[in-house]
Amino acid sequence: MTVLRIRGVGLPDGETIDLYADGDRWTTEPAPGAELVADGWILPGLVDVHTHPGAAKPGDPLDEKVLRDDLRLQVATGVTLIRSPGLAGEPPEWFGRDPDVPRAVHAGPWLARHGAFFDGWGRRAEPAELPELAAAQAGRTGWAKIIADWTLESEPLSFATLRAVVERVHAVGGRLAVHSQHLAGGTAAVDAGVDSVEHGMGLDPAALDRMVANRVAFTPTLSVLQTGLARALARPESPTRTWYVGGASAHPALVAAAAEAGVTVLAGTDSRPHGGIATEVRALAAAGVPAHTALGAASWVARDFLGLPGLVDGAPADAVVYARDPRTHLEELDHPQAVILRGVLI
Ligand SMILES: [Zn+2]
């Protein structure tokens, strides 16, 4: 088999790199007869940190055909790694492994208190049961995902509950992602030191410094909240509309302030059709996040957050290559010159 070679400007460093795929491993050791497949601006693959492939709509069970189709759409746009903070069921053996699907990190089914999530999805428990359930899940896959708050009517999880969950999950070497779209739940999650706040709508900007101090990452899912905002604005007045419009309207400035404060911002799409990570990067940049940071949120920063190295000797052989610098030409993200996954040109 011909060895694949890429060359160009590697990000984030901006240094010239010349890499050869030795199976699923990058090496700087030249291989005779290697085939140069791309020469341009190189990222270590894109990452979608918040995506729920495999179910056509909320509440549907996991469907293997939908799952594969969703994942193929991701790879086609240059995504070589995903994190699924919540899946509609236990994924099949091939998830994260087959040649046509990205590497994957997942938290199994969502964990939520009774009445506080989409009907048909996730596991329900009393708050007191959540620490053990989350630790068991994180022990299996490395991550657990908890719904800290839901509607205006449902009671958010308390700081004490979230802190107990964090302690148990960290004790088994796992990490915890927490869904929040309200001030109280988000504040409790930040103060409890969860590993990532998902959405974070309604967070007090005063919490951003505590996110840095507690090493809480932030996946703002900005583009999907902006779509939700447009829908909410078309609805008649109600307390739910007021809450959503207020939170989603404040979200772009919150995200920009988070990046400025030094919070680890991560790019996640949370939406169908899959493969929309470029839209999220552009939404982050439009909100005022510097383009380099917005791109890192969907690539090297996210990859590092999930435990994979970038474009270095010995790293897993993933890359996406563009003809021009995608930081100054964000539209390039729609036109990768080449996508390499596990050392193979897609
Ligand atoms: Zn989600």
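Residues numbered from 1 in each chain as written. Predicted model: local features only at pLDDT ≥ 70, side-chain atom pairs only at ≥ 80, totals over all residues. Heavy atoms only, no water.

1. Considerations on the sheet that holds strand β4 (residues 35–43)
- Taken together, the 7 strands give an open sheet; going across it, the order is β3-β2-β1-β4-β14-β15-β16, and neighbouring strands pair in mixed fashion. Edge positions in the open sheet fall to β3 (26–27) and β16 (344–345), since each of these has one partner strand only.
- Sheet analysis places strand β2 (residues 15–21) next to β3, joined by 2 bridges and oriented antiparallel. When the sheet's bridge partners are listed, Tyr20 is paired in β3 with Thr27. (Pairing = 2+ DSSP bridges. Helix = DSSP H or I, 4+ residues; strand = E, 2+ residues; numbered from the N terminus.)

2. A word on the pairing of strand β15 (residues 338–341)
- Burial of β15 is two-sided: the residues Ala338 and Ile340 facing one way and the residues Val339 and Leu341 facing the other way are all buried.
- Across 3 bridges, strand β14 (residues 319–322) lies against β15 in antiparallel orientation. Opposite Val321, over in β15, you have Ala338 as the bridge partner.
- Sheet topology places β15 next to β16; 2 bridges connect them, and they run antiparallel. Among the inter-strand pairings, Ile340 is bridged to a residue of β16, identified as Leu345.
- Connecting the antiparallel pair β15 and β16 is a turn made up of 2 residues, with Arg342 showing a positive phi of about 55 degrees. (Buried < 20%, exposed > 50% of the residue type's maximum accessible area, 1.4 Å probe, protein only.)

3. Observations regarding helix α7 (residues 239–261)
- Over its 23 residues, α7 extends 31 Å from the first C-alpha to the last, a length consistent with the 33 Å expected when each residue adds 1.5 Å.
- The largest bend in α7 amounts to roughly 45 degrees and is located at His251, with the proline Pro252 lying one to four residues further along.
- When α7 is considered as a whole, its buried residues turn out to be Arg241, Tyr244, Val245, Gly247, Ala248, His251, Pro252, Leu254, Val255, Ala256, Ala258 and Ala259.
- On its buried side, α7 packs onto β12 (196–199), α5 (208–213), β13 (217–219), α6 (222–233), α8 (277–287) and α9 (291–297).
- Positive backbone phi, at 95 degrees, marks Gly262, one or two positions downstream of α7. (Expected span 1.5 Å × (residues − 1). Bend = angle between axes of the 7 residues up to and from the residue. Contact = heavy atoms within 4.5 Å.)

4. Let's talk about the coordination of the zinc ion
- For the zinc ion, the full set of protein donor atoms is His50 (NE2), His52 (NE2) and Asp270 (OD), at a range of 2.0 to 2.4 Å.
- Read in sequence order, the donor residues coordinating the zinc ion give the pattern H-x1-H-x217-D. Separated by 220 residues along the polypeptide, His50 in the loop between β5 (46–48) and α1 (64–76) and Asp270 in the loop between α7 and α8 bring together distant segments of the chain.
- A relative accessible area of 0% means that His50 is categorised as buried. (Donors = N, O, S within 2.8 Å, 3.2 Å for Na, K, Ca; no water.)

5. Topic: the domain arrangement of the protein chain
- Along its sequence, the protein chain is organised into domain 1 (4–43 + 310–345) and domain 2 (46–305).
- Look at where the C-alpha atoms of domain 1 and domain 2 centre, and you get two points 29 Å apart.
- Facing 20 residues of domain 1, the contacting portion of domain 2 comprises 23 residues.
- In total, domain 1 and domain 2 occlude about 1700 Å² of area from one another, counting both sides; carbon and sulfur atoms represent 63% of this.
- When residues of domain 1 are sorted by the area they lose upon contact with domain 2, Leu330, Leu341 and Arg342 head the list and together hold 32% of the total.
- Where domain 1 packs against domain 2, one counts 4 salt bridges. (Domains from an automatic or database assignment. Buried area = accessible area lost by both parts, 1.4 Å probe. Salt bridge = Lys/Arg side-chain N within 4 Å of Asp/Glu carboxyl O.)

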